[in-house]
Amino acid sequence: MTERGITREIALRKRLLARIVQLRTKVVIRIATQALSDLLFDAHDEMAHDLLAPLFDCSEYWPEQLAKQVLGLNEDHEYSCDELLAEFERKEFDLAECEEEPNAWTNEGF
């Protein structure tokens, strides 16, 4: 496809998106949710960041829910962003410490 063809295709997709957004239904939202789910599972870190960024920009609820799930925290308790970050850092520190501990099996030559 030529550069002109690519530019035209992008313009057409933007027009299509505008109409889909205006006329969205529960079915359209369900399809979009599945598409985003597929993208997140397959995405590299930078793309996953870009996909999730609007949730963090526009909501306090969803970022907290995601963090509590990842950290295995009580979902009924409310945490501040500082508390969640501190918990992530504590877990990262614990993981780093575990990796540094000598392994008895390795020391014995197994």
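In case you missed it, the structure is sitting above this.
Here's what I pulled together on the structure shown here. (Residues numbered from 1 in each chain as written. Predicted model: local features only at pLDDT ≥ 70, side-chain atom pairs only at ≥ 80, totals over all residues. Heavy atoms only, no water.)

1. Some details on the overall build of the protein chain
Piece 1. Counting secondary structure elements, the protein chain contains six helices and zero strands.
Piece 2. Helices (α) and strands (β) of the protein chain occur, in sequence order from the N terminus, as α-α-α-α-α-α.
Piece 3. Relative to the globule expectation of 13 Å for 110 residues, the C-alpha radius of gyration of the protein chain, 22 Å, shows a markedly less compact shape.
Piece 4. The principal-axis extents of the C-alpha atoms in the protein chain amount to approximately 65 × 40 × 25 Å.
Piece 5. The proportion of buried residues among the 110 residues of the protein chain is 11%. (Helix = DSSP H or I, 4+ residues; strand = E, 2+ residues; numbered from the N terminus. Rg over C-alpha atoms; globule rule 2.2 N^0.38 Å. Buried < 20%, exposed > 50% of the residue type's maximum accessible area, 1.4 Å probe, protein only.)

2. Quick word on the state of the cysteines
Piece 1. Within the structure shown, the criterion is met by zero disulfides.
Piece 2. No disulfide involves Cys58; its sulfur sits 15 Å from that of Cys81, the nearest cysteine.
Piece 3. In this structure Cys58 comes out as exposed when scored by relative accessible area, which is 71%.
Piece 4. Exposure remark for Cys81: the relative accessible area of 59% places this residue in the exposed category. (Disulfide = S-S within 2.5 Å.)

3. As for the environment of Val28
Piece 1. Mapped onto the elements, Val28 comes out in helix H2 (residues 26-42).
Piece 2. The class of Val28 is partly exposed, set by a relative accessible area of 28%.

4. Topic: the packing of aromatic side chains
Piece 1. On inspection of all chains with the given rule, the structure shows one aromatic pair.
Piece 2. Ring centres 4.7 Å apart and planes at 80° place the aromatic pair Tyr61 and Trp62 in the edge-to-face group. (Phe/Tyr/Trp six-rings, centres within 6.5 Å; stacked < 30°, edge-to-face > 60°.)

5. Digging into the nonpolar core
Most often, soluble globular proteins have nonpolar side chains that are buried together.
Piece 1. Core analysis: the biggest nonpolar cluster contains five residues, these being Ala67, Leu71, Leu73, Tyr79 and Leu84.
Piece 2. The contacts of Ala67, once residues within four sequence positions are left out, are Leu84 and Phe88. (Core = buried A, V, L, I, M, F, W, Y, C linked by side-chain atoms within 4.5 Å. Contact = heavy atoms within 4.5 Å.)

6. Some remarks on the pattern of salt bridges
Any two side chains of opposite charge can pair, on the condition that their charged atoms come close.
Piece 1. Summed over the entire model, instances satisfying the criterion amount to three salt bridges.
Piece 2. The closest approach of N and O atoms between Arg13 and Glu9, which form a salt bridge, is 3.2 Å. Separated by four residues within a single helix, Arg13 and Glu9 lie in helix H1 (residues 3-22), roughly one turn from each other.
Piece 3. Using a relative accessible area of 31% as the deciding quantity, one classes Glu9 as partly exposed. (Salt bridge = Lys/Arg side-chain N within 4 Å of Asp/Glu carboxyl O.)

7. Observations regarding the packing of H2 against helix H3 (residues 45-58)
In helix packing, the relevant descriptors are the interaxial angle and the interaxial distance, both defined with respect to the helix axes.
Piece 1. Orientation of H2 relative to H3, taken along the N-to-C sense of each, is 145°, at an axis distance of 8 Å. The element H2 and its partner H3 pack so that their crossing is left-handed. On H3, the residues that touch Leu36, Leu39 and Leu40 of H2 are Met47, Ala48, Leu51 and Leu52.
Piece 2. Per-class residue counts for the contact of H2 with H3 are seven nonpolar, no polar and no charged. (Axes fitted to C-alpha atoms, helices over the stretch in contact; angles between N-to-C directions. Left-handed = near helix turned anticlockwise from the far one by under 90°. Nonpolar A, V, L, I, M, F, W, Y, C, P; charged D, E, K, R; others polar.)

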